[in-house]
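Architecture at a glance
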Amino acid sequence: IDKPKGQAGRLELKGGYNLQQAMGLAGDSRKYNAFRVSCKTLKEQDKLTVTLLSSYAQRKHQFLAKFRDNWPFNDFVASYLRNHVQYTKKHASE
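Before going into details, it helps to say that this report is about the structure given with it. Everything quoted here is computed from the prediction, not taken from an experiment. (Residues numbered from 1 in each chain as written. Predicted model: local features only at pLDDT ≥ 70, side-chain atom pairs only at ≥ 80, totals over all residues. Heavy atoms only, no water.)

Let us now look at the pattern of salt bridges. A side chain with one charge may pair with a side chain of the opposite charge, provided their charged atoms come close. Across all of its chains, the model carries two salt bridges by this definition. The salt bridge involving Arg68 is made with Asp2; its shortest N-O contact spans 2.4 Å. One end of the pair, Arg68, is in the loop between helix H3 (47–60) and helix H4 (71–92); the other, Asp2, is in the segment before strand S1 (7–8), with 66 residues separating them in the sequence. Under the relative-accessibility criterion, Arg68 is labelled exposed at 52%. (Salt bridge = Lys/Arg side-chain N within 4 Å of Asp/Glu carboxyl O. Helix = DSSP H or I, 4+ residues; strand = E, 2+ residues; numbered from the N terminus. Buried < 20%, exposed > 50% of the residue type's maximum accessible area, 1.4 Å probe, protein only.)

Structural data, given as structure tokens:
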């Protein structure tokens, strides 16, 4: 499955898409949430670690094999890190 155009987590009107829907997991929150948990371990990791964790995610969540270049994993991590940075900046000023 090819990666959709746009950025995960953005509104469709702004050129984005819903990652869970794009992965075909709109009706399977258990599987999607298990995938999300395994991705969150990537914060502040080097490239080799991210590559190893990407491979780990593909082994643990075999449904990822149908996605070209493991794009759901990469998009989720990018979205998570963007949100984490925004959260950190917001709470640093408090």
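Back to the text.
Residue position: Arg10 is located in the loop between S1 and strand S2 (16–17). A sequence separation of 65 residues divides Arg10 from Asp75, and the C-alpha atoms of the two residues are 11 Å apart.

With that settled, the discussion passes to helix H2 (residues 29–39). Restricting attention to buried positions, one finds in H2 the residues Tyr32, Phe35, Ser38 and Cys39. Burial along H2 is one-sided: seen end-on, the buried residues are contained in an arc of 125 degrees. Exposed side chains of H2 directed beyond 90 degrees from the buried face belong to Arg30 and Val37. In the core, the buried residues of H2 are packed alongside helix H1 (19–22), H3 and H4. (Arc of directions from axis to C-beta. Contact = heavy atoms within 4.5 Å.)

Right, let's talk about the nonpolar core for a bit. Judged by nonpolar contacts, the single largest core of 16 residues is most densely connected at Leu19, Met23, Tyr32, Phe35, Phe63 and Leu64. Of all the secondary structure elements, the ones that give two or more residues to this core are H2 and H4. The element contributing the most residues to this core is H4, with four residues. (Core = buried A, V, L, I, M, F, W, Y, C linked by side-chain atoms within 4.5 Å.)

This brings us to the packing of aromatic side chains. Here a ring pair, both rings aromatic, is described through the centre-centre distance and the interplanar angle of the planes. Overall, the coordinates contain six aromatic pairs when judged by the stated rule. With a centroid separation of 6.4 Å and an interplanar angle of 20 degrees, the aromatic rings of Phe76 and Tyr80 are classed as stacked. Of this pair, Phe76 and Tyr80 both sit in helix H4, four residues apart, roughly one helical turn. Every member of this aromatic cluster is reached through a ring pair, and the members are Tyr32, Phe35, Phe63, Phe76 and Tyr80. (Phe/Tyr/Trp six-rings, centres within 6.5 Å; stacked < 30°, edge-to-face > 60°.)

It is worth spelling out the side chain of Gln20 at this point. Following the sequence through the fold, Gln20 ends up in helix H1. Setting aside residues up to four positions removed in sequence, Gln20 forms contacts with Leu25, Ala26, Asp28, Ser29 and Tyr32.

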